[in-house]
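Observations on the three-dimensional arrangement
Residue-level listing of the chains:
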Amino acid sequence: MNRLHKAYLLIRAIPKTVLFNFRYLPFKQAIKFPVVVSHRVALQRMGGNIRFDAPVRTNMVRIGFHENRLFDQKKRTSGLE
């Protein structure tokens, strides 16, 4: 995958990434965007919480990208419940 395609996927991920981070994290952590969520992920029943035991930095966790085990290769989608 070339750099241009990766950049395109990250741009498409912005809306769900913003929603996810500000829903689950305190403001000081959310503005660093530690979790990047692919545009292919279906966000359903958003409950629960997340806690990081390490210093928070950008792009710590990637959800819905090929290197993630939650990614369904057949449907090319991911889902979190």
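Residues numbered from 1 in each chain as written. Predicted model: local features only at pLDDT ≥ 70, side-chain atom pairs only at ≥ 80, totals over all residues. Heavy atoms only, no water.

1. Focus on the overall build of the protein
When you go through the protein residue by residue, the secondary structure sums to three helices and five strands. When each of the 81 residues of the protein is scored for burial, the buried share is 30%. Taking as baseline every contact in the protein between residues at least 6 positions apart, the subset at least 24 positions apart corresponds to 57%. Accessible surface for the protein amounts to roughly 5900 Å². Of this, 57% is attributable to carbon and sulfur atoms. (Helix = DSSP H or I, 4+ residues; strand = E, 2+ residues; numbered from the N terminus. Buried < 20%, exposed > 50% of the residue type's maximum accessible area, 1.4 Å probe, protein only. Contact = heavy atoms within 4.5 Å. Areas by Shrake-Rupley, 256 points an atom, 1.4 Å probe, with all protein chains shown as cover.)

2. Some details on the packing of aromatic side chains
The tally for this structure, following the rule as stated, stands at three aromatic pairs. With a centroid separation of 5.8 Å and 45 degrees between ring planes, the pair formed by Phe22 and Phe27 is classed as tilted. Centre to centre, the rings of Phe22 and Phe33 are 6.0 Å apart; their planes meet at 75 degrees, and the pair counts as edge-to-face. Of this pair, Phe22 sits in helix α2 (residues 14-24) while Phe33 sits in the loop between α3 (27-30) and β1 (35-37), and the two are 11 residues apart along the sequence. Under the relative-accessibility criterion, Phe22 is labelled partly exposed at 36%. One aromatic cluster is present, formed by Phe22, Phe27 and Phe33 through successive ring pairs. Seen from the ring of Tyr24, Arg23 lies directly overhead, with NZ or CZ sitting 5.0 Å from the centre. (Phe/Tyr/Trp six-rings, centres within 6.5 Å; stacked < 30°, edge-to-face > 60°. Lys NZ or Arg CZ within 6 Å of the ring centre and 35° of its normal.)

3. Points about the environment of Phe20
Here Phe20 lies in helix α2. Overall, the relative accessible area of 6% leaves Phe20 in the buried class. Each C-alpha atom, one on Phe20 and one on Leu43, is 8.4 Å from the other, the two residues being 23 residues apart in sequence.

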